[in-house]
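Structural overview for review
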Amino acid sequence: MAKKEVNVLNLADSFAEFRENRNIDAATLVGVIEESFRGVLAKLFGTDENFDVIINPKNGDCEIHRTRVVVEDDQVVDSNKEMPLSEARSIADDYEVGEEVSENFDFQKFGRRAVLTLRQTLASKVLELEHDSLYNKYKDLVGQIVSAEVYQVWKSEVMLVDDENNELILPKSEQIPGDFYRKGEMIRAVVLRVDNQNNNPKIYLSRTAPDFLRRLMEEEVPEITDGLITIKGVARIPGERAKVAVESYDDRIDPVGACVGVRGRRIHGIVHELHNENIDVVNFTTNQQLYIERALSPAQITTVYLDEENKKAEVYLKPKEVSLAIGKGGLNIKLACMLTGYTIDVFRENDSQEEDDIYLDEFNDEIDQWVIDTIKDAGWKTAREVLSASREVLLQRTDLEEDTIDNVLKILKEEFEKD
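Residues numbered from 1 in each chain as written. Predicted model: local features only at pLDDT ≥ 70, side-chain atom pairs only at ≥ 80, totals over all residues. Heavy atoms only, no water.

1. A few points about the packing of aromatic side chains
Across all of its chains, the model carries 6 aromatic pairs by this definition. Note on Tyr305 and Tyr316: the rings are 5.6 Å apart at their centroids and 80 degrees apart in plane angle, and the pair reads as edge-to-face. Taken as a pair, Tyr305 in strand E14 (residues 303–307) and Tyr316 in strand E15 (residues 312–317) lie far apart in primary sequence, 11 residues in all. Its relative accessible area of 23% is what places Tyr316 among the partly exposed residues. By way of ring pairs, the aromatic residues Phe45, Phe51 and Phe105 are connected into one cluster. For Arg66, the ring lying beneath its charged end belongs to Phe45, and the centroid distance is 5.6 Å. One cation-aromatic arrangement involves Arg193 over Tyr204; the distance from NZ or CZ to the ring centre is 4.1 Å. (Phe/Tyr/Trp six-rings, centres within 6.5 Å; stacked < 30°, edge-to-face > 60°. Helix = DSSP H or I, 4+ residues; strand = E, 2+ residues; numbered from the N terminus. Buried < 20%, exposed > 50% of the residue type's maximum accessible area, 1.4 Å probe, protein only. Lys NZ or Arg CZ within 6 Å of the ring centre and 35° of its normal.)

2. Observations concerning the packing of helix H9 (residues 288–295) against helix H11 (residues 331–340)
Here H9 crosses H11 at 145 degrees, and the two axes come no closer than 9 Å. Relative to H11, the crossing made by H9 is right-handed. Together, Gln288, Tyr291, Ile292 and Ala295 of H9 and Asn332, Ala336, Leu339 and Thr340 of H11 make up the contact between the two elements. Looking at side-chain class alone, the contact of H9 with H11 contains 5 nonpolar, 3 polar and no charged residues. (Axes fitted to C-alpha atoms, helices over the stretch in contact; angles between N-to-C directions. Left-handed = near helix turned anticlockwise from the far one by under 90°. Contact = heavy atoms within 4.5 Å. Nonpolar A, V, L, I, M, F, W, Y, C, P; charged D, E, K, R; others polar.)

3. Comments concerning helix H15 (residues 391–398)
For H15, the complete set of buried residues consists of Leu394, Leu395 and Thr398. Projected onto a plane normal to the axis of H15, the buried residues spread over an arc of 100 degrees and lie on a single side. Away from the buried face of H15 by more than 90 degrees, exposed residues Glu392 and Gln396 are located. Following H15 by one or two positions, Asp399 adopts a phi angle in the positive range, close to 60 degrees. (Arc of directions from axis to C-beta.)

4. Topic: the sheet that holds strand E12 (residues 241–248)
Here we have 3 strands laid out as an open sheet, ordered E11-E12-E13, and mixed in their pairing. Unpaired on one side and paired on the other, strand E11 (229–237) and strand E13 (278–283) mark the two borders of the sheet. Adjacent strand axes in the sheet meet at a mean angle of 20 degrees when their direction is disregarded. With 8 bridges connecting them, E11 and E12 associate as antiparallel partners. (Pairing = 2+ DSSP bridges.)

5. Points about the environment of Arg252
For Arg252, the location among the structural elements is in the loop between E12 and helix H7 (255–260). Taking C-alpha positions, Arg252 is 35 Å from Glu392, a pair spaced 140 residues apart along the chain.

6. As for the sheet that holds E15
Reading across the sheet, the 3 strands line up as E14-E15-E16 and stay open at both edges, with mixed pairing between neighbours. Two strands close off the open sheet at either side, each with one partner strand: E14 and strand E16 (343–348). Recorded for the sheet is a direction-independent mean angle of 20 degrees between the axes of neighbouring strands. Taken together, the 6 bridges between E15 and E16 define a ladder with parallel strand orientation. Of the residues in E16, the one forming a bridge with Ala313 is Ile344. Packed onto the sheet, H9 meets E14, E15 and E16 and runs at close to 125 degrees relative to E14.

And the structure:
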C-alpha cells in the first residue's frame, strides 16, 4: 500500500553536540531522544502507545509513525486513534473499516511551541544523564588522587576542571597553607566527597586529608603498591608535619627505609608536593607502649603507663627529652596522639630516681637474658620502671609465666632493699 511522503524532524545539530561535547554514547542518547518524544506526544494526545519513534543512531534524524484504526466517517470518537474511512481511502483506495493505517506523523505541524518543548525536554533529560554519569564516576574515586586544571580562584575556594570539562571544587579549608594557584595550572588532590543534592553533583577535593599523603606514598613506593608494605596510620598537620606508620610483611624489607628511599629520594618528592611538610615514618607495632614510644620519636622515652580503657598514656622522659617529645608548637605530641589514638601526657622523670635506677641488663647474672629482653620489648628498660608497673600489667604485656614475673620482682626489690 502507498504511504505519504516521509517528513523528518532533524535533531542532527543537538545530537552531534551531545555526543561530541558531552561524551554520551549513541545508544543512550537515542533512548533519551525517544523518551523525550514520547513524553511530549503523551502530553499532546494523552497517550503515546500508538506511536512508533525511529531514531537514526548515526546522526539523530527522527521519524514518527502513528497507527490508527479505520472507522466509518460519522463514528470517529478519538481522532488520535481512529481514522475516517474517507481519509484512509485517500491514502489507498482498498482500505476497509477495522484495518490499521500506519502513517508518517509530522511533529512540526504542531508548531514552534511543541518543538521547543521537545528540545527543552531533551536538554533536561540529557543534563540529568550527565549528572548521573558525573556522580557515578566520582563516587567511585573518593579517596583517590585526580589531576585538574585551575579554572577560577576565589577567596573561599578554587574551581578546577578535569579533562572532560567537569567542574571540581577545592575549598579553602582543604588547601595546604601556603598553596598559591594560578589559572591554567595543573594540580593534584584527593577526591574528598561527592554531594548529589537534587541530582546536582558537586565534587569536593582535598590536599589536606590524610588520604592525600597516603596515596602519594602509594605512588612513590613500589613495595606499597605490591602489597609488601602496608600503611597502618597517617596523621597530618597540613603544611607543617606528618607521621606515617608502616608495616612490612616481608622480614627482609625495612618498611621505613623503603618508604624514605636512598638518601631520602622517595620521600623528597612527596615533601615537595606538600610544600615542605616534614614527614616522619615509623614502624608500626601492636605493642601500644612501643608504638607510642616510636610515635614520639625523636624523643627517647623512659617509661610508658597505659590506661587502655580510657585510651590515655602517661609518658616519662628525662628532662632533656621533654622538649623533643612535645616538639615545636606541640606538633610532635599532637601528631603522636593522632597516630596512636591515645591521649598522651608527658612527665619529667625525677632526677634522683634516675640516679639510683639500674638497667635490667645489669641483672643478667640473676635473670635469664631472654626474660630481660622480653621485658624490655614490652617497654620497660630499668628496674624501677618494672617495679612501678603492676604485676597484672607485667603478666599481660610480657606473656611470661607468673613464677617468672614473681622471681623478677623479688630480685629487683631485694636490690633496692640492700641499698
